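# Coordinate analysis (summary)
Here is how the chains run, residue by residue.
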Amino acid sequence: MSNEYRLSSGGQINRSESISFKFNGRTFHGYKGDTLASALLANGIHLVGRSFKYHRPRGIFSSGVEEPNALVQIIKDQGKTDPNLRATQIEIYEGLNATSQNCWPSVNFDLGSINNLFSPIIPAGFYYKTFMWPANLWENVYEYFIRRAAGLGKSPTKKDPDNYDHIYYHCEVLIVGAGPAGLVAAKIAANAGKKVLLVDERPNFGGNLNFSNKDYNKINGLTPLEWIKKTCLDLENNKNIKILNRTSVAAYHNYNYLIMVQNLTDHLADKDKNDQIRQRLWKVRAKKVILATGSIERPMIFDCNDRPGIMLSSAVRKYANTYGVKCGNNISFFTNNDDAYETAITLHNKGVKINSIIDIREKSNADLPKKCDELGIKIYWKSAVIYTEGYKKINNIHVMSLSKDNSSVIGNKLKINCDLLCVSGGYTPAVHLFTQSGGKLEYNEKKHYFFPKKNTLYQISIGSCNGTFGLKNIISEAQEKTREFLSIKEVDRLDVLTPKGGDFENIWLLPSNKISGKTKSFVDYQNDSTANDIKLALREGFKSIEHVKRYTTTGMATDQGKIANMHALGIISEITNTKLGELGTTTFRPPYSPITFGALVGRNVGKFFDITRKTPMHDWHEKNNAKFEDVGQWKRAWYYPSDKESMYDAVQRESKAARTSAGILDASTLGKIDIQGSDASEFLNRVYTNAWSKLAIGKCRYGLMLNDDGMVYDDGVTTRLDENHYIMTTTTGGAATVMGKLEDFLQTEWPELKVYLTSVTDHFATISVCGPHSKKILEKVTQSIDYSDDNFPHMSFKHGLIDKIKCRVMRISFTGELSYEINIQANYGQSVWEKCMSVGREYGITPYGTEAMHLLRAEKGFIIVGQETDGTVTPVDLQMDWIVSKKKYDFIGKRSLYRSDTMREDRKQYVGLLTNDPKEILEEGAQIVAEVKSKPPMDMIGHVTSSYYSPNLNKSIALAVVKNGKKLKGKRLYIPMKNKTIEVTVSDTIFLDKEGKRLNA
Amino acid sequence: MFIIKCPYCGERDHSEFNYGGEAHLVRPKQPTELSDDQWAEYLFMRKNIKGLQYERWNHSHGCRRWFNVSRDTSTDKIHSVYKIGEKPSK
Amino acid sequence: MKKKYSIFALVKNSLSYHENWQRAWRDPEPKSRYDAVIVGGGGHGLATAYYLAKEHNLKNIAVVEKGWIGGGNTGRNTTIIRSNYLWDASAGMYDHALKIWENLSQELNYNVMFSQRGVMNLAHNQHDVRELKRRTHANRLNGIDCEWLNVEQVKKFCPIINCSPNIRYPVMGSTLQRRAGTARHDAVAWGYARGADAMGVDIIQNCEVKGIKRNGDSIEGIETTKGFIKTQKVGVVAAGHSSVIANMAGLRLPLESKPLQALVSEPIKPIIDTVVMSNAVHAYVSQSDKGELVIGAGTDSYISYTQKGTHEIVEGTLKAILELYPIFSRLRMLRQWGGVVDICPDASPIISKTSIKGLYFNCGWGTGGFKATPGSGHLFAHTMAKDEPHALNEAFNINRFISGDLVDEHGAAAVAH
């Protein structure tokens, strides 16, 4: 059985290039240019999948993106397998290996099809009505099996080795769809000198014109293929236009912003991929958009309309003309319009037997039906297919006549043998992108489709997506509308030959000779929802179309209702007696067709997931075995373990050294804002809680910043460099938001202030040296600074030089030790750091990381914003009343401190905690109670914010916020842990050197 | 995915800007003289309009300037852009 | 009297080809007056009506819905249910809801598919670890189940999470609430609607509120597209549109309505059996019974009622998803959508009386309202019926914005605002 359904000639495949591929383990052959679907059909394979719910056998139904049935899994290694791909879109390549999905053990013998037997008791929404007793069986039994049964293909289980890419693109005119309308528009736009982007999701351009019958369709005397070839050649030679095939527009956003995905290598054999990018996401901003997205052929809805071997008529024509494949040898048609006749004639001319055309219309005097008649093809007018037979492949159709009003079938039942039934229910304009863009639809009651009515952007729809059918109409509309849209004076005339079409008649749900409960007329093939399901939903009161959709899952499968939705709406409108125009449609959500997460993410994976900010001394830290901590985007040296040292031991050693000899810390990540201007002092008065006007030049001051809700927002030391010049430091995490907030107040609330802000965080490296030997080290590192306490007291700053390079040295301390901070141009950071290290070696200088820094400041009771505070803590709660100016008229957050809740005396307040057992270290985040109960709930009065073992005090210390804490000093409290309760005593927050002697040691 | 016309730099993609909430909320000059109610009104209560809203934007990845925008929140269509201190054109 | 749903009913009805099922709810025209009117037919509103009828003996109740019931955020969220909130007030309220969830299918005789498959909250830095442990301890002492998992335990509980120490923001541990999980969102709205309707509640769809009629400081009724409805009690449960209704009554609320997006992948066979959330990198994911990965994206910063967000938000979320689950790279986004969420400055809801007698608001649920649906309805019904809050929603009164007694749950809210 090798290509026995391949026609002897014709098609756009390359018959000299045979390609072998595997499907369900069997090897087949196709040709270059085949899709998996066409190659399977050429080999007589229709059955490719099983449906979602009933596991009914399903065959290839269409030839493109709308395919509901033929979903396959591409088998590669575990990192590269692809689930749920449409056989109708997969271009075959040497080595392609695909399997059916959602069936076990095989598509031919699927145990899941037992569901079909139960189908009478599992209609739409059955799961809402059962599986409730006993309650405890839901997750472990019912849901477990439902989940196992659901799903389609399988996820990869290894990392995706492929690369994806993003590109931004701007153009004057974007044309979506390169069918006849799109090609005409593209040519006009490009010739007019516009910068044009033309995209089409298929590999070849020309759309449905590609497989139109050449005897009946001509443009300027050229056959469809000749015209397409010539037009594409013209376009390729026009430098104004960029043309992308295999590119699907996924989403159409506001302001003509469109997201599209270009497939670059999926159609290539592995050996030809050469590690190229797999897919590229295009982010296009277009001045004007021309939608020429075409239309999708509709099926007919009747009993057992889902068997393998029932296919869309246009698809069958495409398989014949584009791929040289006949989908059957003995073909019946079921139609309500003339398009099916073009397929019939095409196949007849290729020598395939057309046994019958069943047409629901009374008669059509148009060209094509007449021709069929002449060819001797039997046409059954005013008739309907009411049933089909054949389990894995259709073999028989039942036909009856329609009553006058089409409400029932009458007369004798006729059985016709066939191996293929082509259905054609007319065409639905593909308005997906139009509505995504915010456009409104209107319903054409005569032609039975929704079409674009009112758009909101610089955009037009042309061709069949605009409800324009017939080649002649399409081309003249494309010319006229494009001309007008782009303000072009004149365009070339095109002479178009097209068959004279007949009327189109529509029956959403065909009548049957059975009672309706016994029929299975599928509306959504993939999700197995039937006309009866829709009726049931309506009967149960699900009135809105969105309710029906959700209750029956119609239109929610991977084709998102491209085939199903129109009929679902039609059936609802018929049953509820509502005009379709009033009923409206469900929302068309992006993407138009599914797109990979990989393409959406592009290169932003792995190390490019987020920016990594490194300090100027980062390399040194790395070389010296630092472990790093993520703080925002920064990598901060966390601790520096020697060989086999544990984190705990390293931090203890570092913390001890900082107080006994000297410690050195990289503080470069702290935010730095340069503040200049004649109103700089006043500005600081307004943004900090304390007063700044009297700060002398050369002095530093700690400041606390609140939000206007009164809660602590940020803190840091600000130094007055000059009369009108300050340098502010912020927390590492708060740098950007503080800068933003200050800029906001300055520009919008206080525009009268003459103040200028510049973020200089990255401009300076900051090296903090602390400990009893720090002064000696600094004296050797810097030149020309007198470090005597008189000249350079705590909380002051000096300009200095280090090897001729200017630096600023602040004498400020976050550890409570004598401490200096060198700020120097960032690119000198590492060398100055190294200099400090080499000078400090004789004093035992020890680099310490953020963890030791946290420990050291905790010994002194200094807060960390974001650790002691969480957005609910005021300065008063922190017992920092001293920093809140009572005199200042206003500052950010002041008013909020005087609200009834913020003034409460028993708020959670900042305290120290000591464990009874000095070896016991509390867990940060642990909750505190005054009274332990035998079981929860217990009244929690606070929590541990920071906790360490202090090597300098030889005991554990902790900081906490506790309700009414100010009054609880010396009181015993409890921390109930999972397995034990820890007793603690409330203490002062300063554990070490309360008098501050060490600052001057 | 708007395009916002910064009054200082011209048309730029929305991703260059930060939103700053309702415009023309003037921070009281004398907050301490307000009642808790009045202060809460300024601090938290918002019109949250469905329809034409006057709002603030900051060209944070550009000139860093704040300015005002009138935008229909039911369609996201921007009607006008104007500087801080200016009145919106109707 | 509503006939019971069961497997027997399904079998029985199959004999008559399912032609004889009752309507799940009626489709009445509004009466001229009601004892109470709920504005908003989402899960919270329908639950409110249900409990008003069931527990407070009010029979003459209407729910008016501008569109179709469950069509707002009820039908647009990622269906995560948990109660591992930090503060006592939130923990109390959300756990109250969780306890109702545990028997809701039986209570409503409607399978809402509440599935306690556990919710994990991942920590990616020291700050996360500290905050999540704090929450774990608080939950434990509040009697709410919550465990801390170290990295090995994370790997064991959900093997597909990338626990490599070499990723940009390595996983450093996680909380796990085993009682937490997901439910079928539509079913919640439908189940409550059916239950409320059975007790006589009129559910009126396609009925938009156009005005609120006041007599001084009390409510007289509402103007709707289906005419004036007289009532002295109006409970507004309009989520993203709360401010619109409040403005009709001359009130301002501390809310901003912003776009929140979500997406699903194509259905695949079971690959992830729990709910995993990560605030730091912003990714949360679960897998529906149908097989779709359900992924919550973030909010945009600006106010919008368009139910559309920006593409970059979706991209940012998927970026984080692939950081944590590199195996998902080849899976495909099937559908993406947005909702309008009303966010309070403290990321906690308002379930409260107002300065106008008879006017009540239940709003401000931000990105996490679904989980509270049964509890929210239950407490709001109490508040409306008694004209005073239940002990469990006292903290969520609107006056907290005046006093400053906020319930700051930014840390616990799924989406960082």
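Read on for an overview of the structure. Fair warning: this is a prediction, and the values are worked out from it, not measured in the lab.

### Things to note about the sheet that holds strand 23 (residues 420-424) of chain A
All names here are of chain A. In space, the five strands of this open sheet follow the order 16-23-17-18-19, with parallel pairing throughout. With partners counted over all chains shown, the strands left at the sheet margins are strand 16 (310-312) and strand 19 (379-380), one partner each. As judged from the six bridges shared by strand 17 (residues 330-335) and strand 18 (residues 353-359), these two strands associate in the parallel manner. Of the residues in strand 18, the one forming a bridge with Thr335 is Asp359. Of the strands in this sheet, strand 17, strand 18, strand 19 and strand 23 are in contact with helix 9 (residues 339-349), which crosses strand 17 at around 165°.

### Considering the pairing of strand 32 (residues 627-631) of chain A
Residue and element names in this part refer to chain A. Pairing geometry for strand 32 and strand 33 (residues 634-639), over five bridges, is antiparallel. In the strand pairing of strand 33, Phe628 is matched with Ala637. Between strand 32 and strand 33, which follow one another and run antiparallel, lie two residues, and Gly632 among them has a positive phi close to 60°.

### Considerations on the sheet that holds strand 3 (residues 18-22) of chain B
Strand order across the open sheet formed by four strands is 3-4-5-6 (chain B), with antiparallel pairing between neighbours. A single partner strand is all that each edge strand has here, and the edge strands are strand 3 and strand 6 (77-83) of chain B. On average, adjacent strands in this sheet sit at an angle of 35° to one another, irrespective of strand direction. Both strand 4 (residues 52-58) of chain B and strand 5 (residues 66-72) of chain B contribute to a ladder of seven bridges, which runs antiparallel. Residue pairing across strands places B:Asn58 opposite B:Trp66, the latter belonging to strand 5 of chain B. Here helix 21 (residues 735-749) of chain A sits on the sheet in contact with strand 4 and strand 5 of chain B, set at roughly 80° to strand 5 of chain B.

### Details of the interface of chain C and chain A
With 103 residues of chain C at the contact, the number on the chain A side is 121 residues. In this assembly, chain C packs against chain A so that about 9900 Å² is buried in total across both faces, 55% of it on carbon and sulfur atoms. Counting across the chain C and chain A interface gives 14 salt bridges. When the shortest N-O distance is used, the salt bridge between C:Arg168 and A:Asp630 registers 3.1 Å. Connecting chain C to chain A are 61 residue pairs in polar contact (both at pLDDT 80 or more). Per-element accounting of the side of chain C that touches chain A gives the leading share, 10 residues, to helix 5 (residues 126-141) of chain C. Residue composition of the side of chain C that touches chain A, by class: 42 nonpolar, 30 polar and 31 charged.

### Side note on unusual backbone geometry
Residue and element names in this part refer to chain A. Pro590 connects to Pro591 through a cis peptide bond whose omega is -5°. As for its position among the elements, Pro591 is in the loop between helix 16 (580-583) and strand 31 (595-596). The omega torsion of the bond from Pro936 to Pro937 falls at 0°, within 30 degrees of zero and hence cis. Tracing the backbone through its elements, the reader meets Pro937 in the loop between strand 46 (927-929) and strand 47 (940-950). Despite not being glycine, Phe131 has its phi angle at roughly 60°, a positive value. Here Phe131 is to be found in the loop between helix 3 (126-129) and helix 4 (137-149). Residue Asp993 is not a glycine yet carries a positive backbone phi of 55°. Mapped onto the secondary structure, Asp993 falls in the segment after strand 50 (981-987). Exposure remark for Asp993: the relative accessible area of 15% places this residue in the buried category.

### Observations regarding the pairing of strand 13 (residues 256-265) of chain C
All names here are of chain C. Buried residues dominate strand 13, accounting for 10 of its 10 residues. Where strand 13 lies against strand 17 (residues 332-343), 10 bridges are found, and the strand directions are antiparallel. Note on strand 17: the bridge partner recorded for Ser265 is Met333.

Conventions we followed
- Residues numbered from 1 in each chain as written.
- Chains lettered and ligands numbered in written order.
- Predicted model: local features only at pLDDT ≥ 70, side-chain atom pairs only at ≥ 80, totals over all residues.
- Heavy atoms only, no water.
- Pairing = 2+ DSSP bridges.
- Helix = DSSP H or I, 4+ residues; strand = E, 2+ residues; numbered from the N terminus.
- Contact = heavy atoms within 4.5 Å.
- Axes fitted to C-alpha atoms, helices over the stretch in contact; angles between N-to-C directions.
- Buried area = accessible area lost by both parts, 1.4 Å probe.
- Salt bridge = Lys/Arg side-chain N within 4 Å of Asp/Glu carboxyl O.
- Polar contact = N/O pair within 3.5 Å; in protein donor to acceptor, adjacent residues only side chain to side chain.
- Nonpolar A, V, L, I, M, F, W, Y, C, P; charged D, E, K, R; others polar.
- Buried < 20%, exposed > 50% of the residue type's maximum accessible area, 1.4 Å probe, protein only.

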